[in-house]
Structure formats: structure tokens, C-alpha cells
Amino acid sequence: MNNLGGASSVNASNISTVDNRRNYYSWYIQDDWKATSKLTLNLGLRWEYFQPIVEHYNAQANFLPAMGFTGAQFLVPSQRQDLVLSQAILNAMAKDGITVVRTDNKSLLNAQSTNFAPRIGIAYQPMNKLVVRAGYGIFYGGFENIGGSPGLGSNYPFQYGLGFSAPSPTLPITADNSIGLLENGLSNVPLDPAFVKPSGVSFVGQQSQFLTPYTQRANFTLQVQLTQNQFFEIGYVGSWTRHIQSTVPSNPITQLLPPGTNTQTARAFPDFGPGGSFLTEQANSNYNSLQTTFERRFSNGLSLLANFTYAKTLTDARDPLFGGNDQGYRAPWIPGFGIQGDYQLANFDIGKAFKFSGTYELPFGPGKRFASNLHGLAGQILGGWSMNWILTLQDGPPMTIPCSVTTAAGSGCYALFVPGEDPNGGSHNVNQWLNPKAFANPAAVTVAGQTDFAPLGGQESQVRAPGLQRFDFSTFKQFRISEKTRLEFRAEFFNLPNHAAFAAPGFTNFGVPSAPGSLDFTNTKNFGKITQTLDNPNDPRQIQFGLKLYF
């Protein structure tokens, strides 16, 4: 509200519900074949079909912006003869090069029917204490609902939202963009689709030729028996995912623009709103890792398991619901850059991870190495103790520092490194995890449509958030009551050292805001400040006791 009594912005929408349905079909065959006494093969083949969503009442529409934004289409089901688009919308579509197409395809999408997924596993024992294991497989994934969106039922003319902004800070608006008071602010909102104007309307779309996301996974492992109860493994594990679903704007900016440019006139469809989303299957990811494991199977009261992983995950996919530590796409529709220009370390990448766990039965009391002849009350107190633990040490996830100023209107920007400055220099603690002197802004766009992408900034995932160190411990005590009955006492300590698992600077969750300017390297007071932990609310040391009766 402003001091004239009118609204500074108005947002309104109609109410619509959907009755979505889809079918899933699959079959598979599998066989284990012991080719020789030393070689076993596991062979399989799977086929899957993921039917696109069909709305029971055909209340869907699909906006296809098309490559190059020439020949854009707005698909509507031909079964809905009662469907009425406003004349203003039709005129704006014709002006912006959008063709309305009625189709008999109720889902408005075409799904793949060639989703064949072979699987092969190999176990080979070339010598007595050495086993070689390898495997490869393809795994398909179907259409995902992303928080109820981008369902094609959430589209004009079935469901739509309208947004209006004040022409200036001193002039209020009503929904028809005229000056007025609050009581008139919603009087002209067109909730009947036949009277909707294109201003403020945004479209939802999905790639019509649906490419089923799939992952190829492979592994190669050597397993060596060191002693009767101790084993060591070293292996490669990798996966490569293609056609990941990725959401980009449906009415984007298609060229670099100088700061301050009116982006609406530069959009692909300037007569429609800047919102809306288009779901494609163009993102990819790669995971490669070296994994080692040492295992001591339970013997003489002791079992151990330790593993170390060195890995890298690269992707140009973004989580549309929770972006994590990345900053989204900078210029997803600009030719020569696209989402591939944001191919980076995944925001969940953990470069190095070590875990060590075990169980140890203390060698005291009846039947044990020490005080084995002790019986009665003394034996009950001294014997039957065991302890368990899990130690986790791992790198923090990568994070991206944005530019502190706009270098291209409507596009994103990542900060550059300053030569000679260590981004982890300085105090490197919760008050200033990163060195503000290590980052700088690139030069801004000077000419609309320039092909030099330098104003978009430097590499993504420039730095890492704090790592994770955690130690959980428990001790158990067994009290033998009878031959078939025993009582177990437990004392469990979670995060025993009471070590905080700090989140990344700028992380906001659990209702606790991040420090203002924590990602702005020109804010020397708050840049790099950490105000949250990874767990809710602070993950302090927790201790619990329990009794359990076995009978």
C-alpha cells in the first residue's frame, strides 16, 4: 500500500482443479547363469512405458515456444469444443507468432515406447582369494510432478494468474491499471477466460516429444580376502544420466541486454507476462567415483567397516523446488550459452567422504577373555557390555557466489576470482567463511545482443560450504535373566562431541533467515556469515537411555 490509498501491486487468479490420470506398463526377463565354476553372469532386460498425464475432462493446454521462437504453438484438446479464448489473447498470439492448434492427442504429449533397459552383472574368481565384480545397466525414470507443477492443467484458459504493478512508487493501481482506491482494486479482474487480456498472462508448457530420463550405471570392483574374517575392496562406480527434466522460462529473454533495459520488449513474446515455465528434458549429469572398503566381519567380539569415496558429480540440471547452494540458470535461452553454460559441480557433490563404524563386545565377564570365571552379581555387572560407533568425515557441498550488481538485464551472473586472493583466506569461520577480497564483478553488457558472454561471470561452484564431522556412539549391557529371557540396557549418544554441522552462507531454512548480504562480497561485514546448521534446529548432542526386554 502507498500513501494514496491504492494498491502498489495486484495479483489474482481463478480457481481450477484437475483430475489427472496416467498408466504405467512394464515387463522384464532375468536369468542367472553359472557359466563355469569361477564365472557367474546375471542377465536381464526390462521394458517400460510411461504414459503422459491425461486430464479426465481434457482441461489441459500446452505452450510450445519452439526453437528460435518461430512457429510457437499453443496446443488445446479438440475434445473441448466449448473452449473459449479471449479475442484479446488470440490477437496477441497472432501478433507474437503463436499458432493455436487443436489436437486429438488428449495428453498433448508423445511418449517414448522404446525404453529397453538391459542389465548385466559379472562375478569372476580368477584365484582363491580374489573376486572380480562388474555390472552395467540402464534405468528409466518417468514423468515427475514438481510440487504440483508444471501440470498442463495449470494453464490458460483453465487456470491462470494475473499480475499488475504500479506505474511508479507514487501512483497506485487497480486491476485494470487505472488509478483508484483499494475497494476498487479487484473490480476489473477478468476471472472469465473469455475476457482475459494478455498483459500479465503467463503460459505453461512441456516438451511435446517426451524423452524419458534414463541413467546408465556401471561398476568394476576387486575384492580381496586378507584373512579369514577381513576383506578389502577397491572399485570404480559411475553413472551418466540423460534427459533430466529441467524447468526454464516459457517467455524468456533471448539475448544479452545492457543493465536497465526494459526486458519486456526484448522477450520472445512481448505481449504476454514474463512468468510461466517450460519443462524440457535437456539436462544431463555425470558421476564418477573411486570407492574403497575395509571390512572385518564379526570375530572375537569385534567387527569393523570403513570406506572412503573420492567422487565428482557434474550436472546442468537444477532442482526446481529447492535450489540448494546454486543460483539457477543464468541465460537458459540465449543461443551459444543455454543451460549447458551452467554445467557445474552438482550442489550435492561431496568430493571426499570417509565413514568408519564398528561393534566391540568388551572381553570381560563369564565366557570372555578376562574374568571368565566370575559369576553371580559381580559377573552380571562386569560382563555383557558392548559398544557401537559411527564416524563420518566429509567435504562440504559446493556453492556459487553471485555477482553483487546486475551486469545483464534479465540474466544471471557469477562472481569472478581475483588473482592472488585465496577465497578461503581470512578468518574462515562462521563469522566470515569466505574472503570478500577474492571476488569481483565482470564488466557489464554494453550492446544488446553481444556474443561475448563475459558479463555472465566466471565459473560456477567456486567454493565449498563447511564439511561434516559427526561421531555417534552407543553402549549396550545385557542382563541374562533366564535361558530364554534377557534385559538390555542402552545408552546412546548422537553427535557425541557436540560439533555443529554448519550450513553454507546464505542458507535459509527452518524459519531462520540468513544474514543480510551473506552472499554479497561487497558487504564486508556479513559476507560469508553462517547463521544456520544443516539440521533442525542446531543438532546438539543428544543422549537417550532405554531398556529392552527379550523373551
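A. The pairing of strand E3 (residues 24–34), seen in detail. Direction of pairing for E3 relative to strand E4 (residues 39–50): antiparallel, over a ladder of 11 bridges. If you follow Gln30 over to E4, its bridge partner there is Gly44. The turn joining E3 and E4, which pair antiparallel and follow one another in sequence, is formed by 4 residues.

B. Focus on helix H1 (residues 87–95). Buried within H1 are the following residues: Ile89, Ala92 and Met93. One face of H1 carries all of its buried residues, which in axial projection span an arc of 105°. In H1, those exposed residues whose orientation departs by more than 90 degrees from the buried face are Gln87, Ala94 and Lys95. On its buried face, H1 is in contact with strand E7 (72–77) and strand E8 (98–103). A positive phi of about 80° marks Gly97, the residue just after H1.

C. Structural view of the pattern of salt bridges. Summed over all chains, the structure comprises 12 salt bridges. Between Arg80 and Asp82 there is a salt bridge; the shortest N-O distance is 2.9 Å. Among the salt bridges present, the one from Lys352 reaches Asp395, with a minimum N-O distance of 3.1 Å. With Lys352 in strand E20 (residues 352–361) and Asp395 in the loop between strand E21 (385–394) and strand E22 (398–399), this pair connects stretches of sequence that are 43 residues apart. Overall, the relative accessible area of 39% leaves Lys352 in the partly exposed class. Members of the salt-bridge network, linked through shared partners, are Arg330, Asp342 and Glu460.

D. Expanded view of unusual backbone geometry. With an omega dihedral of 10°, the bond running from Tyr156 to Pro157 counts as a cis peptide bond. Summarising the element assignment, Pro157 is placed in the loop between strand E11 (130–140) and strand E12 (161–165). A positive phi is found at His243, a non-glycine position, where the angle reads about 60°. The residue His243 is located in strand E16 (residues 230–249) in this model.

E. View of a nonpolar patch on the surface. A cluster of nonpolar side chains, contributed by Trp33, Leu43, Ile120, Ile122, Tyr124 and Tyr136, occupies part of the molecular surface with about 520 Å² of accessible area. Here the nonpolar patch takes 3 residues from strand E10 (residues 115–127), the largest share from any one element. Position of Ile122 relative to the elements: it lies in strand E10.

F. Local environment of the sheet that holds strand E6 (residues 62–64). Pairing in this open sheet of 3 strands is mixed, and the strands run E6-E7-E8 from one edge to the other. Strands with a single pairing partner mark the edges of an open sheet, and in this sheet they are E6 and E8. Pairs of neighbouring strands in the sheet enclose a mean axial angle of 20°, with direction left out of account. Bridge analysis of E7 against E8 gives 6 bridges, and the strand direction is parallel. Each residue of the ladder has a partner; that of Ala72, found in E8, is Ile98.

G. Looking closely at the environment of Thr212. Structurally, Thr212 is set in the loop between strand E14 (209–210) and strand E15 (214–225). With 162 residues separating them in the primary sequence, Thr212 and Phe50 have C-alpha atoms 8.1 Å apart. Every residue in contact with Thr212, bar those within four places of it in the chain, is listed here: Phe50, Gln112, Asn115, Tyr140, Gly141 and His243.

Conventions adopted
Residues numbered from 1 in each chain as written. Predicted model: local features only at pLDDT ≥ 70, side-chain atom pairs only at ≥ 80, totals over all residues. Heavy atoms only, no water. Pairing = 2+ DSSP bridges. Helix = DSSP H or I, 4+ residues; strand = E, 2+ residues; numbered from the N terminus. Buried < 20%, exposed > 50% of the residue type's maximum accessible area, 1.4 Å probe, protein only. Arc of directions from axis to C-beta. Contact = heavy atoms within 4.5 Å. Salt bridge = Lys/Arg side-chain N within 4 Å of Asp/Glu carboxyl O. Patch = residues over 30% accessible without salt bridge, like charges linked within 9 Å, V, L, I, M, F, W, Y side chains within 5 Å. Areas by Shrake-Rupley, 256 points an atom, 1.4 Å probe, with all protein chains shown as cover. Axes fitted to C-alpha atoms, helices over the stretch in contact; angles between N-to-C directions.

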